[in-house]
Amino acid sequence: MKIAAKCVNTFALLPLVNAYLFYKMGLSWNFYILWTALALVILIRPMYSISGLCTGRLRQCQAGIELLCAFLSSIVLTVILQLVILFGTEALKFGIWEWIFDILWIILVEAVIFWVGIIRVYVTSVQLGIKWRLIGILCGWIPIVHLIVLGRIIGIVSREVLYEQEKLLTDRQRASQSVCATRYPILLLHGVFFRDFRYLNYWGRIPAELEENGARIFYGNHQSAASVADSGREIAERIRQIIQETGCGKVNIIAHSKGGLDARYAVSCLGMAPYVASITTINTPHRGCEFADYLLEKIPGRQQMLIARAYNAALRRLGDYNPDFLAAVRDLTTRGCLALNERMEDPAGVYIQSVGSSLKKSTHGRFPLNLTNRFVYRFDGENDGLVGKESFAWGQRFSWLSVKGSRGISHGDVIDLNRENLPEFDVREFYVALVHELKEMQL
């Protein structure tokens, strides 16, 4: 199927690309009319080398791949045909103007095939990212190099289509099982300097995957930056709101980064324990970050205030009513977390577990965590780009995410912030398994 589809696409377009050569060979106009119609059909809807693609996005993505493959293979075959013209019989030899016309026609048709394919790929692919889109644009004018880059783009997008297709088929097969249909709904809490409402989907593809498998999802809707106490009060109010609106009685909290501290504060200090079945903290700095202490010590107070005012002003415009940059940072220091932990005693009746991971190689992470990883290592040792390994563990159970390969899992990878398919870590499947365990515990 795969080879057959690619052959059909290529050979359907080849006579159009080499129209003048076939004309010289004496083929009739009826042939050209028929073949042009076939070529237009292939440009709109090429043959797929993968059958049964589940979504329109994947079909368009694969259509782009098929056209780019046809573009590359038709170029190779066209070069061979041009050599036939150059060294072939007298009957096929072109005059100089005929040859120029032929070359211009080939360039025009190949350009159409290429642009129809690349636009589809650029518009529909997620995994291509900004990096390879820019590389494709910048290297598109460099002979030979542009073909190598195009091959890499085809490889990235082909793997994406296969990966996403398998994911969709897995979800369809287990749809009736509702593996994430927990007794109590899931409340997702974001970390510091981010938001989960308006302008940004903080949790990437995770919420949709959980809902696809039966979960009920809510968000904290709290501000991007505030003290743990202030964020905890916002979360406590949000829990009351969810329970009042749904009558669910309790929630299961899954909290990332500082959100884990905020959740613990709401439960331990604000009386939310009766309304929370479980807390799962993801890469939370329960014991603080020593590099945060260093930054507050080394950056002069005046510069700190300038940064804080600029941040707070920007986030007010985005919807935060009272952001407090410095209060958030102070609560993430080792001293700040030590003081908080003395106040936040884990209540009975709430299941608390934690998860941690590390970025093994700085150069393999996404910006900006690839830059901070080495710096944080000086203070906190092995880390995920922001938080040291020793700070993650809390509660009745701690899970360390260890994967093969040299990349590891960063602070952003663990919430699908970059929507990146890591071959060694399926972040969406990790959350499905995590929530399924909560369901098995009847939480």
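Residues numbered from 1 in each chain as written. Predicted model: local features only at pLDDT ≥ 70, side-chain atom pairs only at ≥ 80, totals over all residues. Heavy atoms only, no water.

Quick rundown of the side chain of E234? Include the residues and the values.
Within the fold, E234 resides in helix 9 (residues 228-246). At 7.6 Å, K258 is the nearest oppositely charged side chain to E234, a buried residue that forms no salt bridge. In this structure the side chain of E234 is engaged in a polar contact, spanning 3.3 Å, whose partner is the backbone nitrogen of Q223. Here E234 is in contact with N221, H222, Q223 and Y321, once residues within four sequence places are set aside. (Helix = DSSP H or I, 4+ residues; strand = E, 2+ residues; numbered from the N terminus. Buried < 20%, exposed > 50% of the residue type's maximum accessible area, 1.4 Å probe, protein only. Lys, Arg positive; Asp, Glu negative; His and termini not counted. Salt bridge = Lys/Arg side-chain N within 4 Å of Asp/Glu carboxyl O. Polar contact = N/O pair within 3.5 Å; in protein donor to acceptor, adjacent residues only side chain to side chain. Contact = heavy atoms within 4.5 Å.)

Can you tell me about the packing of aromatic side chains, naming the residues and giving the values?
For the coordinates displayed, the defined rule picks out 10 aromatic pairs. With 5.2 Å between their ring centres and 80° between their planes, F114 and W115 make a pair best called edge-to-face. Plain terms: the ring middles of F398 and W400 are 6.4 Å apart, the flat faces sit at 45° to each other, and that makes the pair tilted. Classification of F398 by relative accessible area gives partly exposed; the value is 33%. Looking at W400, the relative accessible area reads 27%, which means it is partly exposed. Through successive ring pairs, a cluster of aromatic residues spans F194, Y202, W203, F425, F430 and Y431. The side chain of R133 reaches across the aromatic face of Y122, ending 5.7 Å from its centre. Its end group placed over the ring of W400, K389 keeps NZ or CZ at 4.5 Å from the ring centre. (Phe/Tyr/Trp six-rings, centres within 6.5 Å; stacked < 30°, edge-to-face > 60°. Lys NZ or Arg CZ within 6 Å of the ring centre and 35° of its normal.)

Residues and numbers for the sheet that holds strand 2 (residues 217-219), please.
Taking strand neighbours across the sheet as the criterion, the six strands line up as 2-1-3-4-5-6 in an open arrangement whose pairing is parallel. What marks the edges here is a single partner per strand, and that holds for strand 2 and strand 6 (397-400). On average, adjacent strands in this sheet sit at an angle of 20° to one another, irrespective of strand direction. With six bridges connecting them, strand 3 (residues 251-256) and strand 4 (residues 276-282) associate as parallel partners. Residue pairing across strands places V251 opposite V276, the latter belonging to strand 4. Contacts from helix 10 (residues 258-269) reach strand 1 (186-189), strand 3 and strand 4 within the one sheet, and its direction differs from that of strand 3 by about 145°. (Pairing = 2+ DSSP bridges. Axes fitted to C-alpha atoms, helices over the stretch in contact; angles between N-to-C directions.)

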